[in-house]
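Analysis of the macromolecular model
Each chain, written out:
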Amino acid sequence: MSIYNQKIFKHLRHPKNKGRLDAPDKVFEGFNPYCGDRLVFDVLFSDEGVIKQVGWHGAGCTISQASASIFSEQLIGKTLDDVMTIAHQDCIAALDIELSPSRIKCALLPLYTLKQMHDVE
Amino acid sequence: MSQQLKDTFPLLQNTQHKGDRFVYLDSAATTQKPATVIAAEKAWYERFNANIHRGSYDLAEQATKLYEQVRIKTAQHINAVSPKSIVFTSGTTESINMIARAWARHVLQRGDTIVLTEMEHHSNIVPWRLLAQELELHIEYWPIQRTGELQAVTEMKSVLQQARLLCITHASNVLGVINPLERIIAMAHELDTAVVVDGAQAAAHMQLDMQVLQPDFYCFSAHKMLGPTGLGVAYVDHKHFGAIQPFLGGGEMIQQVTKDKLTFKPMPWLLEAGTKQLAQVFAFGEALDYMQSIGMKKVAQHDRMLSAYMYEQLRGVDGVRVLGSSSENRIGIVSFVVDDIHAHDLATLCNDHGIAVRAGHHCAMPLHDVLGASASVRVSTHIYNDKADIDYMVEKLKLIINEWKKLNS
């Protein structure tokens, strides 16, 4: 089925870090105005500002949901400054699939949510 | 419709696609163009191009005549009393924004109420919300029922009575539902409420009659009517001509400019500042001729037949929830959601079979909120679609749903 590989389905069936945190230090919310997808990331930091725990939720397509799952794993152990340096190519590469320009926006929604960006800048 | 008719649309023959065949089912976004319309746009540049209402040489006189002839043709197409009611714009969005700025801004006052329906496209929400912020106006929403139809007009009487203006779509770009506009406008006028109609979808599929409907303003786009992009129409009832102020200032709309005085041309030229879309207007005339040669009655009949068929076929697919619950009274638009498969994924998987459908909120986020769906798949048709297109789409949809189930089990 075209762009949908086993990795995507694995994350769809067993999403990592999906759910809300009880007492997050910071909450990030992102929208994709093109399709209406919405993601929320709850983040808990250590005293040193390192991300200890992540919980994400929201409605979206397979690509944005799988990307959120993969991305949430990458966040653990990073500071927010580290997160700001993650390139969008890295996020796309992590999915192991070829995406059309409109679906790239789906894959990048988790990153943009954390970066509080609205589109490729 | 016949294969012969389909063949008059070059894109449908030429498009590179995945899958066994190419099925274009996104006409609500924009329709494909017949060869005659494409040829007309080219012919303008090769044979007729000169600026209108300016030069006194033959070519310019002819250009002016051809442009104004399309204004007359457009008026006839929608049975407007006078071509002076036809203003050419860049599209429905600009038409509505123009009415908000050139008319509503000057006649509405602080505290006035505008009524919008829950099924409006953003283009018939945002201009009014912006105006409401500026003038401190109230916005009320006309709710839809669970069937996807508007709440009965009689129940809205007290709201409409308080309102100065009702902004309403003739047909929903998501649900396909046709609103009973004749009754609604009659009631609104009885209550002294003006009506702005978003006809972007309806104009493409229905025979319009301004003298029967009697809207104050009616807006539509050429590119959804087999015509060129970048062009639209605002129909303005002549009773409002006196209240209209300039929208854009510049060439064409001016009668006289001195260092301390400005006088403007009358309607409709008052609202046509700058050089207009000359080649596109000319090609739009060809699109109107094309539809008239088939007959708008026939276009509408084909549309109703196909939308009812599409609705029933989609409703019969396991796991599909069609938005709106009536196959009657809809233009060729059906939107649906599928359990466990996001609309975007469905559109991508349809594309693998050469099927072009739209996924998302279709610029109607408030409506999707009301329907409890974050996104939907929209299938929309025009004159070049037939039952075989729908059968192919439904067959592939079933296949997609089954494969998806297998992959996820």
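Residues numbered from 1 in each chain as written. Chains lettered and ligands numbered in written order. Predicted model: local features only at pLDDT ≥ 70, side-chain atom pairs only at ≥ 80, totals over all residues. Heavy atoms only, no water.

1. Some words on the overall build of chain B
Of regular secondary structure, chain B possesses 15 helices and 15 strands. Dimensions along the principal axes, computed over C-alpha positions, put chain B at roughly 75 × 55 × 35 Å. Of the contacts made within chain B by residues no fewer than 6 positions apart, 72% connect residues no fewer than 24 positions apart. (Helix = DSSP H or I, 4+ residues; strand = E, 2+ residues; numbered from the N terminus. Contact = heavy atoms within 4.5 Å.)

2. Considerations on the packing of aromatic side chains
Inspection of every chain in the model, using the stated rule, returns 12 aromatic pairs over all chains. On the basis of an interplanar angle of 70° and a centroid distance of 5.1 Å, the ring pair of Phe9(A) and Trp404(B) is categorised as edge-to-face. A residue pair is termed interchain when its members come from two chains, as with Phe9(A) in helix 1 (residues 6-13) and Trp404(B) in helix 15 (residues 387-408). As far as burial versus exposure is concerned, Phe9(A) and Trp404(B) are alike and both buried. Both rings, one in Phe9(B) and one in Tyr290(B), keep their centres 5.7 Å apart while their planes meet at 80°; by these two values the pair is edge-to-face. With Phe9(B) in the loop between helix 1 (3-6) and helix 2 (10-14) and Tyr290(B) in helix 11 (residues 278-294), this pair connects stretches of sequence that are 281 residues apart. For Tyr290(B), a relative accessible area of 11% corresponds to the buried category. (Phe/Tyr/Trp six-rings, centres within 6.5 Å; stacked < 30°, edge-to-face > 60°. Buried < 20%, exposed > 50% of the residue type's maximum accessible area, 1.4 Å probe, protein only.)

3. As for the pattern of salt bridges
Residues and elements named next belong to chain B. Applying the stated criterion to the full structure yields 23 salt bridges over all chains. Between Glu 46 and Lys 42 there is a salt bridge, with the nearest N and O atoms lying 3.2 Å from each other. Of this pair, Glu 46 and Lys 42 both sit in helix 3 (residues 35-48), separated by four residues, roughly a single helical turn. Across this residue pair, the class does not change: Glu 46 and Lys 42 are exposed. Here Arg 54 and Glu 252 are joined by a salt bridge, their closest N and O atoms 2.9 Å apart. Taken together, the residues span a long stretch of sequence, with Arg 54 in the loop between helix 3 and helix 4 (58-77) and Glu 252 in the loop between strand 8 (232-236) and strand 9 (254-257) at a distance of 198 residues. Note on Arg 54: relative accessible area 42%, which makes it partly exposed. (Salt bridge = Lys/Arg side-chain N within 4 Å of Asp/Glu carboxyl O.)

4. Things to note about the layout of surface pockets
Roughly 500 Å³ of internal volume is contained in the largest pocket. Considering the residues around the largest pocket, the lining is formed by 23 residues, among which Ser100(A), Ser102(A), Ala347(B), Thr348(B) and Asn351(B) are closest to the centre. For the lining of the largest pocket, the elements supplying multiple residues, two or more each, are helix 5 (101-115) of chain A together with helix 13 (343-351), strand 13 (355-356) and strand 14 (358-360) of chain B. When residues of the lining of the largest pocket are assigned to their parent elements, the largest contribution, four residues, is made by helix 13 of chain B. When grouped by side-chain class, the residues that make up the lining of the largest pocket number eight nonpolar, nine polar and six charged. The space that makes up the second largest pocket amounts to roughly 330 Å³. In this structure, the second largest pocket is lined by 20 residues; those nearest its centre are Gly60(A), Val338(B), Asp340(B), Ile341(B) and His342(B). For the lining of the second largest pocket, the elements supplying multiple residues, two or more each, are helix 1 and helix 2 (62-75) of chain A together with strand 12 (333-338) and helix 13 of chain B. Here the residues of the lining of the second largest pocket are counted per class, giving 10 nonpolar, six polar and four charged. (1 Å grid on protein atoms, 1.4 Å probe; cavity = no way out; pocket = protein on both sides within 12 Å on 5 of 7 lines; lining within 4 Å. Points joined across faces, edges and corners; volume = space filled by probe spheres on them. Nonpolar A, V, L, I, M, F, W, Y, C, P; charged D, E, K, R; others polar.)

5. A look at the interface of chain B and chain A
Residue-level contacts link 16 residues of chain B with 20 residues of chain A. Of the roughly 1500 Å² buried at the junction of chain B and chain A (both faces included), carbon and sulfur atoms supply 58%. The tally of links from chain B across to chain A stands at one salt bridge. The partner of Asp345(B) in a salt bridge is Arg103(A), with the nearest N and O atoms 3.0 Å apart. Counting every contact that joins chain B to chain A gives five residue pairs in polar contact (both at pLDDT 80 or more). Across the side of chain B that touches chain A, the residue classes tally to six nonpolar, seven polar and three charged. (Buried area = accessible area lost by both parts, 1.4 Å probe. Polar contact = N/O pair within 3.5 Å; in protein donor to acceptor, adjacent residues only side chain to side chain.)

6. Here's the deal with the domain arrangement of chain B
All names here are of chain B. As far as domains go, chain B holds domain 1 (3-31 + 296-408) and domain 2 (38-293). The centre of domain 1, based on its C-alpha atoms, is set 28 Å off from the matching centre of domain 2. Listed per partner, the contact involves 41 residues of domain 1 and 34 residues of domain 2. Of the roughly 2900 Å² buried where domain 1 meets domain 2, counting both sides, 60% is carbon and sulfur surface. Of all residues in domain 1, Met 296, Ile 331 and Leu 367 give up the largest surface area on contact with domain 2, accounting jointly for 25% of the area buried on that side. Across the domain 1-domain 2 interface, the total number found is 17 residue pairs in polar contact (both at pLDDT 80 or more). For the side of domain 1 that touches domain 2, the secondary-structure elements that each account for two or more residues are helix 12 (296-315), strand 12, helix 14 (365-371) and strand 15 (376-380). (Domains from an automatic or database assignment.)

7. Structural notes on the sheet that holds strand 2 (residues 86-89) of chain B
Residue and element names in this part refer to chain B. Read from one edge to the other, the open sheet built from seven strands follows the order 2-8-7-6-5-3-4, with strand pairing classed as mixed. Of all the strands in the sheet, just strand 2 and strand 4 (138-142) have a single pairing partner and so form its edges. Averaged over all adjacent pairs, the angle separating strand axes in this sheet is 20°, with direction ignored. In this sheet, strand 7 (residues 217-221) lies alongside strand 6 (residues 194-198) in parallel orientation, the contact comprising three bridges. Each residue of the ladder has a partner; that of Asp 198, found in strand 7, is Cys 219. (Pairing = 2+ DSSP bridges. Axes fitted to C-alpha atoms, helices over the stretch in contact; angles between N-to-C directions.)

8. Regarding the sheet that holds strand 2 (residues 37-45) of chain A
Residue and element names in this part refer to chain A. Strand order in the open sheet made by the three strands is 1-2-3, with antiparallel pairing throughout. Here the strands that pair on one side only, and so sit at the sheet edges, are strand 1 (26-32) and strand 3 (51-57). For this sheet the average axis-to-axis angle between neighbouring strands, irrespective of direction, equals 20°. Of the strand pairs in this sheet, strand 1 and strand 2 are connected by seven bridges, and their pairing is antiparallel. From the neighbouring strand, Phe 28 faces strand 2, where its bridge partner is Phe 41. Contacts from helix 2 reach strand 2 and strand 3, with the element oriented near 15° to strand 2. This element, helix 5, spans strand 1 and strand 2 of the sheet and lies at about 150° to strand 1.

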